[in-house]
Amino acid sequence: MPHRDEGWNLLLPSVWTDPADTAANVEWTREAFAAMKPHFGSGRWLNYLGDDQADDAIRAAYGPNHERLVEVKRKYDPDNVFHLNHNIVP
């Protein structure tokens, strides 16, 4: 685990039951996230990555280990068989 610094864990559980509230709740969640973003550290946790997050989030999650993991992936999984996770592309 490359991230062992002191800090805080932020989770924005945006949940609602009425489909009519979807747009407002998604907007609120995005605004809250954007307002907090300047206070985020550079690292990321794999537990909290969304399926739609880009490679930069994955690189941040693996930190200084990312390049070594890319080499391992190229050697042992060059066809990217194990891709149904927060994938390291070989």
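About the criteria used
Residues numbered from 1 in each chain as written. Predicted model: local features only at pLDDT ≥ 70, side-chain atom pairs only at ≥ 80, totals over all residues. Heavy atoms only, no water. Phe/Tyr/Trp six-rings, centres within 6.5 Å; stacked < 30°, edge-to-face > 60°. Buried < 20%, exposed > 50% of the residue type's maximum accessible area, 1.4 Å probe, protein only. Salt bridge = Lys/Arg side-chain N within 4 Å of Asp/Glu carboxyl O. Helix = DSSP H or I, 4+ residues; strand = E, 2+ residues; numbered from the N terminus. Core = buried A, V, L, I, M, F, W, Y, C linked by side-chain atoms within 4.5 Å. Contact = heavy atoms within 4.5 Å. Patch = residues over 30% accessible without salt bridge, like charges linked within 9 Å, V, L, I, M, F, W, Y side chains within 5 Å. Areas by Shrake-Rupley, 256 points an atom, 1.4 Å probe, with all protein chains shown as cover.

Examining the packing of aromatic side chains
Tallied over the entire structure, the rule returns 1 aromatic pair. Between Phe33 and Phe40, the aromatic rings sit 5.2 Å apart at their centres with planes inclined by 65°, giving edge-to-face as the arrangement. The exposure class assigned to Phe33 is partly exposed, which follows from its relative accessible area of 36%. In this structure Phe40 comes out as partly exposed when scored by relative accessible area, which is 34%.

Considerations on the pattern of salt bridges
Tallying each qualifying case throughout the model produces 2 salt bridges. With a closest N to O distance of 2.9 Å, Glu67 and Arg59 form a salt bridge. The partly exposed category is assigned to Arg59, whose relative accessible area is 39%. Salt-bridge contacts for Asp77 lead to Lys73; the nearest nitrogen and oxygen are separated by 3.1 Å. Classification of Asp77 by relative accessible area gives buried; the value is 7%.

What to know about unusual backbone geometry
One non-glycine residue, Asn80, adopts positive backbone phi at about 60°. Inspection of the secondary structure puts Asn80 in the segment after helix H3 (66-76).

Some remarks on the nonpolar core
The biggest cluster of nonpolar side chains holds 7 residues, and these are Leu49, Ala57, Ile58, Ala61, Tyr62, Val70 and Ile88. Looking at this core element by element, the count peaks at 4 residues for helix H2 (residues 55-62). Once residues within four sequence positions are removed from consideration, Ala57 is found in contact with Arg44 and Leu49.

What about a nonpolar patch on the surface?
Among the surface-exposed residues, Leu10, Phe33, Met36 and Phe40 lie close enough to one another that they form a single nonpolar patch of about 320 Å² accessible area. Looking at the element boundaries, Met36 is found in helix H1 (residues 22-36). By relative accessible area, Met36 is classed as partly exposed at 35%.

Details of the environment of Tyr48
Assignment of secondary structure puts Tyr48 in the loop between H1 and H2. With 37 residues separating them in the primary sequence, Tyr48 and Leu11 have C-alpha atoms 8.5 Å apart.

What about H2?
Helical periodicity: at 3.6 residues per turn, an α-helix aligns residues three or four positions apart in one direction. If you check which residues of H2 are buried, you get Ala57, Ile58, Ala60, Ala61 and Tyr62. Where H2 is buried, its residues contact H3. Just downstream of H2 lies Gly63, where phi reads positive at about 55°.

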